[in-house]
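Here's the letter readout for the chains.
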Amino acid sequence: MATRRGRGALRPGFKSSGSAVFGQQGTDKVHDAILKQARKSGQLNLSGRGLSEVPASVWKINQELPEESRNVNLDNADERWWEQVDLTKLILASNSISHLHEDIINLPALIVLDVHDNSLVSLPENLAKLKELSRLILSHNKLSKIPSCLYSLDKLTTLHLAHNEITELGEDIGQLLFIEDLDISHNKLTALPQSIGYLAKVFKFNASNNEICDLPEQIGGLNAVRILDMTHNQLTRLPESVGTLANLEQLHLRHNKLTYLPLLKGCHKLKDLQVGNNGIKEIRPEQMEHLYSLSVLDIRDNKISVLPEEITILQALERLDLTNNDLSCLPFSLGTMSKLKSIVLDGNPLKAIRRDIIMRGTNELKKYLQSRIEEPVETNTTESAVIKQANGASGIIGGTGDYLDPHTIKLTGTIEYYNKKSTEIPTVVWEVMKDKQIKVINFSKNLLQKWPENLVLVGDHLQQLNLGFNRLTTVSSDVGLFINLIYLDLRNNQLHDLPEDVKQLHKLREISIAYNRLKSIPKALYGLPKLEILLASDNQIDKLDVTGIKETPVLATLDLQNNNISQVPPELGNCSQLRSLQLEGNAFRNPRPAILAKGTGPLLEWLRGRIT
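The rules we used
Residues numbered from 1 in each chain as written. Predicted model: local features only at pLDDT ≥ 70, side-chain atom pairs only at ≥ 80, totals over all residues. Heavy atoms only, no water. Phe/Tyr/Trp six-rings, centres within 6.5 Å; stacked < 30°, edge-to-face > 60°. Helix = DSSP H or I, 4+ residues; strand = E, 2+ residues; numbered from the N terminus. Buried < 20%, exposed > 50% of the residue type's maximum accessible area, 1.4 Å probe, protein only. Lys NZ or Arg CZ within 6 Å of the ring centre and 35° of its normal. pLDDT = per-residue confidence, 0-100. Contact = heavy atoms within 4.5 Å. Salt bridge = Lys/Arg side-chain N within 4 Å of Asp/Glu carboxyl O. Polar contact = N/O pair within 3.5 Å; in protein donor to acceptor, adjacent residues only side chain to side chain. Pairing = 2+ DSSP bridges. Axes fitted to C-alpha atoms, helices over the stretch in contact; angles between N-to-C directions. Arc of directions from axis to C-beta. Core = buried A, V, L, I, M, F, W, Y, C linked by side-chain atoms within 4.5 Å.

Moving on, we get to the packing of aromatic side chains. Considering all chains together, one arrives at 1 aromatic pair under this definition. Ring geometry for Trp-430 versus Phe-443: centroids 5.8 Å apart, planes at 85°, classification edge-to-face. With Trp-430 in helix H7 (residues 427–433) and Phe-443 in the loop between strand S17 (440–442) and strand S18 (464–466), this residue pair connects regions lying 13 residues apart in the sequence. Under the relative-accessibility criterion, Phe-443 is labelled buried at 0%. The ring of Phe-469 has Lys-445 lying over it, and the distance from NZ or CZ to the ring centre is 5.7 Å.

Turning our eyes to something else, we now look at the confidence of the model for the chain. Averaged over every residue, the pLDDT of the chain is 84; the share at 70 or more is 86%. A low-confidence stretch, residues 1–28 (pLDDT under 50), is modelled with 65 contacts involving residues beyond four sequence positions or located in other chains. Every residue in residues 399–403 scores below 50 in pLDDT, and together they form 8 contacts with partners more than four places removed in sequence or on other chains.

Take the pattern of salt bridges next. With the rule as written, the count across this model stands at 12 salt bridges. A salt bridge links Asp-321 to Arg-319; its shortest N-O distance comes to 3.7 Å. Salt bridges sharing common partners tie together Arg-300, Asp-301, Arg-319 and Asp-321.

Residue Asn-590 is joined to Pro-591 through a cis peptide bond whose omega torsion reads 0°. Within the secondary structure, Pro-591 sits in the loop between strand S23 (580–582) and helix H9 (593–596). One non-glycine residue, His-255, adopts positive backbone phi at about 55°. Mapping His-255 onto the fold places it in the loop between strand S9 (250–252) and strand S10 (272–274).

The next thing to look at is the side chain of Gln-577. Within the secondary structure layout, Gln-577 lies in the loop between strand S22 (557–559) and S23. At a separation of 3.2 Å, a polar atom in the side chain of Gln-577 contacts the main-chain carbonyl oxygen of Thr-552.

Our focus in this paragraph is the sheet that holds S23. In space, the 8 strands of this open sheet follow the order S16-S17-S18-S19-S20-S21-S22-S23, with parallel pairing throughout. Strands at the two margins of the open sheet, each flanked by one partner only, are strand S16 (414–416) and S23. Averaged over neighbouring strand pairs, the angle between their axes works out to 5° when direction is ignored. Here strand S20 (residues 510–512) pairs with strand S21 (residues 533–535) via 3 bridges, running parallel. Each bridged residue has a counterpart across the sheet, and for Ile-511 the counterpart in S21 is Leu-534.

Taken together, the buried positions of helix H10 (residues 600–608) are Thr-600, Leu-603, Leu-604, Trp-606 and Leu-607. On an axial view of H10, the arc spanned by its buried residues comes to 160°, and they lie on one face. Contacts made by the buried residues of H10 are with S23 and H9.

Relative to the elements of secondary structure, Met-288 occurs in the loop between S10 and strand S11 (296–298). When the C-alpha atoms of Met-288 and Ile-313 are compared, they prove to be 6.9 Å apart, with 25 residues separating the residues in sequence. In this view, Met-288 contacts Ile-283, Pro-308, Glu-310, Ile-311, Ile-313 and Leu-314; residues no more than four positions away in its chain are not counted.

Since one α-helical turn is 3.6 residues long, residues separated by three or four positions face the same way. Buried residues of helix H4 (residues 362–371): Thr-362, Leu-365, Lys-366, Tyr-368 and Leu-369, and no others. The buried residues of H4 occupy an angular sector of 160° when projected down its axis, which confines them to one face. Exposed positions of H4 whose direction lies more than 90 degrees from the buried face are Asn-363, Lys-367 and Ser-371. Here the buried face of H4 lies against strand S13 (342–344) and helix H3 (355–359).

The next point concerns the nonpolar core. Core analysis: the biggest nonpolar cluster contains 98 residues, and Phe-205 and Leu-330 have the highest contact counts within it. For this core, the elements supplying multiple residues, two or more each, are helix H1 (32–41), helix H2 (56–59) and H4. Residue contributions to this core peak at 3 residues, all from H4. Leave out the neighbours within four places in its chain, and Leu-330 touches Leu-307, Leu-322, Leu-345, Leu-350, Ile-353, Leu-365 and Leu-369. Ranked by size, the runner-up nonpolar core spans 63 residues in total, among them Leu-485, Ile-513, Tyr-526 and Ala-536.

Structure (C-alpha cells):
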C-alpha cells in the first residue's frame, strides 16, 4: 500500500537542486503527467520507452517537487505535497538500461522493482538499503553473478533471475528466508549450494536450462515447494531427499541424463511427473506405488521396453505419454484405468497391437486392451477335458463346450480343443483321434510351450493346423511330414525361426506367423510352389530378401506391417506376382505414407522407378 509523505518527503520551503524537470532532459522520455500521477499512486511504469539509463528525476521523484506542489493554497487542486505518497512500485522493463544508480536509495519505500529485459551487468550496493523490497524481477539481463547486496533483502518473497549469465549461486542465498518464488532458469549454473535447503517457504523453484549435474541432499528442506522444475540440465541422479517433498505437485525433469525413475515415497500430492528425454530403461512397480494423485506421467523419449502391469496403481492418471520408447506391447490392464483419457504411443515398435487400433484413439485402444484380459485360469483345466461316459458312449469337451463323440469326429475329420488354457494336450484327446482321418486340428489359445509330439500320428491327412495363441518357441521338424497341409496358423507365439523341413509342404497355400519374434522371413518359406498368403506382421523383421520373395512364384499377399524394416529395396518392385503388399508401421522413411496409401500397384511402380 502506498504511504503518505514518508522519509523522503520535503517541506514546502525545500529548494530544488536545479535538475531538469521531466520532459526537458535529453534522456527523459516521460511526460510530466506520468511523474505527477506516480506521486499520487505510488506506482511508476516506464517500460518500453527506449531508455538507456534511468533519468535522475526518477530517483528524486519524492524530493524535487514542482513549484506548484509547494503552494500551500488550499484552493490549488493540482498537486498538493501533503497528499503525495512514496513510490512503492517501479517498472523499468524492456529498455536498454545497463546500470542502476546508487541514488536508488532515495526510494526506501519501494516494494516492487521490475527491471526485466534490459542490459544490466551489475546492481548498485545501495540496493541492500531497500528494506521493504518484496518483489525483484531481473530476468533477461546480462548479470554474471549475484551481488552480495541482494542477499540483504530480508523481506524478498519473489526473485526472478532467469535468462542471465550467472555461473554460481552463492551460499548466502540461504539468507532469503522468506523467498516464495525463485526463478534462476536459463543461466550457466553447474551446481546448487547446500544452503538452498534453508528456503523453507519456496513454493515455486525453477532452475531449468542450466548445466546442473547434481542436486544437494539439502534440497529436501524445501518443505513448501509445489513446483520444482529442473528441465534441461545434466542430472544423472536425484537425491533421496526429493522423495520427502510432501507438498510437491509438479516435478519436471525432462532433458536430463537420468537412467532410472526417482523413488518418490513421500510425494503423495504429486500430480504432474515429467521425466521425458532421459535414458530411463525400466519402470519398476515400487517406483509408482506411492503416486496416488498422479494425473500426468510423461516418460517420452526414453529406452523403456516394458511397461509393468502395476501401472494400474496410478488410478488418478489421466495422461500417459510413451512417445519414442522401445515398447513392443502394452499391459492389458491399461484398459481398466477409468480416468485415463490420453495414451500417446508414437514412435514405439509395437508388435502386439495393430496400427489401425492405435490410430482410432485412446478409448478404442483401451477397449481393445480390456478385451484381451483373460479370465482366471482354473487349476484343473487339463482334467476338465475327460471322457464323458454316457450310455456307454465316450466323448471329449470340444472348443465350444459341447461333447464331441468319436463318431462325430470320424464323420467331420475335425478336432477342436481350443481356449482351454492347457499346457499340454490330454491323452484322451489323442485316443479319440486314433485311427481316424483327421483333416482339421485346432489347438489354439492354450498354453502350449512345446510342439505336440503326437501330431505326427495323425498327420497323413491333415490339411489345416491351428496352433496360434500359445507359447511355442520352436516348431518340430515333424511338420515336414504333413505333406497335405494347406493352412498353417502359428501366430501369437514366441518363434524365432522355422525349420528347413517346412520346404516339404508343397501344398501349403497360407501361413500366419504374425506376432512372433522373427527377425527375418524364414528361408524355408521361399520357393514353396503353392504359397499364396504369407502373414508376418508384428515381428522384428529388419530386412527383406527380395530374391527369396521372387522365387515364391504365386505369392500374392505379403503382410509385413509393424516390423523393424529400415529400408525397402527398390528391387521389390519387380515382384510382379504380389497383389497385396502391406508395409505400414515400419521404421523406413521412404516410401512415405502417402505412397503406401495408394495401394500395392502404385507402390510397386514407385519402387521400380528407383532401381538404378
